[in-house]
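Chains, contacts and geometry: an overview
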Amino acid sequence: ANSEPPNRAELRLVVNAGSILEDEDQLGLAHFVEHMAFNGTRNFERQEIISYLESLGMRFGPDINAYTSFDETVYMLTVPTDSAGVLERGIAILEDWAWGITFDSLQVEQERGVVIEEWRLGQGAASRIQQQQFPTLAHRSRYADRMPIGTYESLTTFDHAALRRFYEDWYRPDLLAVVAVGDFDPDEVEELIRRHFEHIPPHPNPRERREYTVPSHPETLISIVSDPELTTATVSLYLKRPPDVWRTEADYREWIAQSLASAMLINRLGEISQRVDSPFLDVSSYQGRFVRTLSTFGLNVRTSDEDIARAVQVLLQEVERAARFGFARTELEREKREMLRVMEQRYAQRGRVSSGSYAADYVSYFLYGGSIRGTALEYQLYRELIPRIGLRETNRAVAEWTSAGNRVLLVAAPD
C-alpha cells in the first residue's frame, strides 16, 4: 500500500522472457507479442482495452504502456482506485495478457505494418551507430543477434505460428509476476490477484529458460564507425564486470566505493572539459546493468571531429592517472559529503516516494534478485558505511577498471 499519488494504483505484469529467447524464425517476435496484447484478448476485443482505460482519463504512454528488452517484457497500468470495479478490471487485463492474447490473423497482419514502420523510424543515425557497435560490446554473445526490434526480413516474413509459439512457450506461471502498489487495501488486492491468476495452469512441457552470458576477453575491443548525419564525435570507454547484486552489507559497501570512485573520475573529466583548450565538449557516465548477466561502467565524451584522437588520449590518460596514483583525500571527502547530502534529501522525502518507484523496485527484484532495502534502510547503510570507506577502497575500484581485459573503446564520428 502507498498513497502517493492518492487514489491511484500501479499494476505490472512482469514476464521473465524477452528477445534473447527467440528462435531463429522469431527475430523481433517477443516485441511483436507485446503489440498484440493491445489487439484483442479472450475478454477484450481489439482496442477495447485502450478505449476502456482512456474512458477513465488514462493516456497511452504515461498510464498504459509496455516494453520488451533482451531479458524481459513488462506491461504497465496506472488505474484509479476511487471508482468501483476499476482496479479489478485492471487486474483482469493483466490476466488476459498473461494467457489470453488471441492473435487474430487479420490483426496480426495489420500490426505487422505498424511494427515494420516502428523498425523504419528507428533507422536514424543513432540506431545505425548502435547496430554497428553493439556486437563489439556484446562480444560473440547471443545478445548481438537478438535486438528486440528484430530484423526487417523477419518482420516481413514471419509465420503466425512462430508468433503464437513464442507466447505459448514463455508466457507461463513460472516466468510471470504481478506487482501492485497503490492507494488500496493490500489484502483485498492480493485476493483479487489470486482470483484472477491462481487458475492459470502450469505449462505441461516447459522449455528451459536459459541465462545467456557475454564471453570475457583479455584484450581491449575497439570499434570505430562513422555516419553522415552525425555533427560531433563521441568517444566511449566501457569497462565490463559481473552484474551488481546487493545481497550483503559487503556488496553494498563495494558498490558505494565504486560509485565514489566513478564520481571523482567524472569530476576530473568535467574540470578538463571547462578548460579553453579541452578536447571535450561535454562528459557523461553510466554505471549499471548492461544485460542481465553483465554490468558496465561507461565514460562518454563528446568532441569535435578534429579533436577525436586527442579526446581518446586525454580520456585514457586520466583513467590511467587515477589507476596509478589514486585520488586525493580532499576529493574523496568532498564526494562523500555530496553523496550523504543527496541521501539525506531522499530520506527527508521518503513519505513522498511514488507508487511507480516502488513498483520498479519490485520488478527489478523479481527479474534480478538481490534485496529490497527501502529508503530508511538505505539511509542507515549510507550513514554507517560512507565514513568507513577510505582511499584504499576507492583506489582499488578504479585500478580494476584499467586492465585491458573486458574493456571496450567505441568511437562514432561524422563521415
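Presented here is an overview of the structure given in this document. (Residues numbered from 1 in each chain as written. Predicted model: local features only at pLDDT ≥ 70, side-chain atom pairs only at ≥ 80, totals over all residues. Heavy atoms only, no water.)

1. Some words on the packing of aromatic side chains
All chains considered together, the criterion is met by 14 aromatic pairs. Relative to Phe 60, the ring of Phe 38 has its centre 5.4 Å away and its plane inclined at 75 degrees; by these criteria the two rings are edge-to-face. Residue Phe 38 is found in the loop between α1 (29-36) and α2 (48-55), and its partner Phe 60 is found in the loop between α2 and β2 (64-68); the two are separated by 22 residues along the sequence. Of the residues examined, Phe 38 reaches a relative accessible area of 8% and is grouped as buried. Ring geometry for Phe 70 versus Tyr 143: centroids 5.4 Å apart, planes at 80 degrees, classification edge-to-face. One end of the pair, Phe 70, is in the loop between β2 and β3 (73-80); the other, Tyr 143, is in the loop between α5 (125-138) and α6 (152-157), with 73 residues separating them in the sequence. Both residues of the pair, Phe 70 and Tyr 143, belong to the buried class. (Phe/Tyr/Trp six-rings, centres within 6.5 Å; stacked < 30°, edge-to-face > 60°. Helix = DSSP H or I, 4+ residues; strand = E, 2+ residues; numbered from the N terminus. Buried < 20%, exposed > 50% of the residue type's maximum accessible area, 1.4 Å probe, protein only.)

2. As for the pattern of salt bridges
Applying the stated criterion across every chain, the model contains 28 salt bridges. Between Glu 331 and Arg 268 there is a salt bridge, with the nearest N and O atoms lying 2.8 Å from each other. Residue Glu 331 is located in helix α11 (residues 329-348), and its partner Arg 268 is located in helix α9 (residues 249-273); the two are separated by 63 residues in the primary sequence. For Arg 268, a relative accessible area of 15% translates into the label buried. When salt bridges that share partners are traced, they join Asp 23, Asp 25, Arg 165, Asp 169 and Arg 207 into one network. (Salt bridge = Lys/Arg side-chain N within 4 Å of Asp/Glu carboxyl O.)

3. Comments concerning the sheet that holds β2
Across the sheet, which stays open at both edges, the four strands sit in the order β2-β3-β1-β4 with antiparallel pairing between neighbours. Either end of the sheet is taken by a strand with one partner, and the two such strands are β2 and β4 (176-182). Averaged over all pairs of adjacent strands, the angle between strand axes in this sheet comes to 15 degrees, irrespective of strand direction. Judged from the eight bridges that link them, strand β1 (residues 8-15) and β3 form a sheet pairing that is antiparallel. Residue pairing in the sheet places Leu 13 in a bridge with Tyr 75 of β3. Contacting β1, β3 and β4, helix α12 (residues 355-368) runs over the sheet at an angle of about 160 degrees to β4. (Pairing = 2+ DSSP bridges. Axes fitted to C-alpha atoms, helices over the stretch in contact; angles between N-to-C directions. Contact = heavy atoms within 4.5 Å.)

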